[in-house]
Amino acid sequence: MDPLLTELKDLFSAVDPVPAAVTAAALNAPMVVRRSGVLGAKFLRRDGAARGVRGCGRLRFRTADCELDIMVDRVRDSVSLRGMSTVPGTTIRACQPVGGGTAVVDESGQFLIDGLRKGPLCLVVQLPTGSLLRTDWWVV
Amino acid sequence: MKDPKLIQCALQRAAQGDEKAWAELVAWYERLLWSVARGYRLCQDDVEEVCQLTWIRLSERLGQIREPAKLAGWLATVARREAMRLAMDRNAVPVEDTQLESLVAEPVEPPEFLHSDRNRQLWLHFHALSERCQHVLRLLMYSPEASYADMGRSMGLPVGSVGPTKTRCLRTLARKLTKAEVI
């Protein structure tokens, strides 16, 4: 390795070590995935990046079966998802490494999941037909 | 440099639920992910979340990685894209993927406890390099086994440009240090 790279590597390792909490979260990742039960579910594709103002972003996910339009509200460390679905009666579960929440889409197509934490999140969507859909993980 | 067979073995064992194998993968690559995510305008909490998200994504895809030698490049790519996306989301600016390239790290003040002038200059001049230079040097520091093809993929560069980019970035850093009369 180039001596300058070695010097940089030593400097970063000393000055900016990986926090223990980050290692702990990494070690816990397989458990998070197993607990979410999302493996094998069909993907809801995310359309573009968040849109909106700081602390409040809007996201859209879609497949041929369902569309979700979600407003992410962040107040300090608490996050809520307020959204619309094209399929009333759908159950939407927000999976997180710690915590999470569930909501059922009402007759007008709206749903609200609050009390979530900042951090990685994945939505698992069960349609009234029983079909299981999921979003990819993203950070709220 | 890690042997691809060793990486493949760890991936296979981790996919079967072997916690020790997963811990090996974390030990090998956590420094790389941390370093890559650190290169963006994110607070410490968000850097931590980018790392966690990247590990979750790997955990979901353990059984799908066919080329273990490319794991470092794959992880760096995921961490980099998520860090950029999160930086954009935090500012909630509408963007297209093509615009993500324009997000560059801002110079970072050296930590107060960094007393050595040499180390302070090294820190300052590294963070004054372009986002691309920082990324390639971080990859070289923490995953020297990554091929130029993987590095190119993770940076959106043609494979033939990686070597010259690396050389140019190292020369730029050395020149800046020389100007600061610390070499």
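In the block above lies the structure referred to throughout.
Once a new chain begins, its residue numbering starts again from 1 and follows that chain's sequence as written. Each chain gets a letter, beginning with A, and each ligand a number, beginning with 1, in the order they are written. In view of the model being predicted, local features appear only for residues whose pLDDT reaches at least 70, and side-chain atom pairs are presented and counted only at 80 or more, with totals across whole chains, interfaces and linings using the full set of residues. Based on all heavy atoms of the structure, the side-chain values leave hydrogens and waters out of the count.

Novice: I would appreciate a short explanation of helix α5 (residues 117–127) of chain B in the present structure.
Specialist: Think of it in three bands: residues with accessible area under 20% of the maximum for their type are buried, residues over 50% are exposed, and the middle band is partly exposed, with areas taken using a 1.4 Å probe on protein chains only. Put simply, DSSP H or I for four residues or longer makes a helix, DSSP E for two residues or longer makes a strand, and each gets a number counted from the N terminus. Along α5 of chain B, the positions that sit buried rather than exposed are Gln121, Leu122, Trp123, His125, Phe126 and His127 of chain B. By definition in these notes, contact holds between two residues if any of their heavy atoms fall within 4.5 Å. For α5 of chain B, the secondary structure elements touched by its buried residues are α1 (3–15) of chain A together with α6 (131–142) and α8 (159–179) of chain B.

Novice: How do you make sense of the pairing of strand β8 (residues 100–104) of chain A when you look at a structure like this?
Specialist: For a regular strand, side-chain orientation follows a simple rule: the groups alternate between the two sheet faces. Residue and element names in this part refer to chain A. The side-chain alternation of β8 yields one buried face, formed by Gly101 and Ala103, and one unburied face, formed by Gly100, Thr102 and Val104. Strand pairing follows a simple DSSP-based rule, namely that at least 2 bridges must link the two strands. Sheet topology note: the strand β7 (residues 91–95)/β8 ladder contains five bridges and is antiparallel. When the sheet's bridge partners are listed, Arg93 is paired in β8 with Thr102. In sequence, β7 turns back onto β8 through a hairpin of four residues, with Gly99 there showing a positive phi of about 85°.

Novice: Honestly, the layout of surface pockets in this entry has me stumped. Any pointers?
Specialist: Taking a probe equal in size to a water molecule and rolling it over the atoms shows the remaining empty space. A cavity here means a set of points on a 1 Å grid, drawn over the protein atoms and nothing else, where a 1.4 Å probe fits but cannot get out; a pocket is an open set with protein on both sides within 12 Å along at least five of seven lines, and a residue lines either one if it has an atom within 4 Å of a point. Grid points are joined across faces, edges and corners, and a volume is the space filled by probe spheres set on the points. Approximately 410 Å³ is the volume found for the largest pocket. As for the largest pocket, its lining consists of 18 residues, and the residues nearest its centre are Lys118, Gly119 and Pro120 of chain A together with Glu49 and Gln52 of chain B. Of all the secondary structure elements, the ones that give two or more residues to the lining of the largest pocket are α2 (20–36) of chain A together with α3 (44–61) of chain B. Polar here means any residue other than Ala, Val, Leu, Ile, Met, Phe, Trp, Tyr, Cys and Pro, which are nonpolar, and Asp, Glu, Lys and Arg, which are charged; Gly is therefore polar. Of the residues contributing to the lining of the largest pocket, the split by class is eight nonpolar, four polar and six charged. For the domain bounds, the source is a domain assignment made automatically or taken from a database. Counting contributing residues, the lining of the largest pocket receives three or more from each of domain 1 (3–33) and domain 2 (41–139) of chain A.

Novice: Looking at this model, I keep getting lost on the packing of helix α7 (residues 148–155) of chain B against α8 of chain B. Mind explaining?
Specialist: Residues and elements named next belong to chain B. Packing of α7 against α8 brings their axes to within 8 Å, and their N-to-C directions diverge by 90°. Put simply, α7 runs roughly perpendicular to α8. Touching Tyr148, Ala149, Met151, Gly152 and Met155 of α7 are Val159, Val162, Gly163 and Lys166, all from α8. The residue inventory of the contact of α7 with α8, partitioned by class, reads six nonpolar, two polar and one charged. Orientation is described by axes fitted as lines to C-alpha atoms, over the contacting stretch for helices, and by angles from 0 to 180 degrees between their N-to-C directions. Should an angle lie under 35 degrees it is considered roughly parallel, over 145 roughly antiparallel, and from 65 to 115 roughly perpendicular; all remaining angles are considered oblique.

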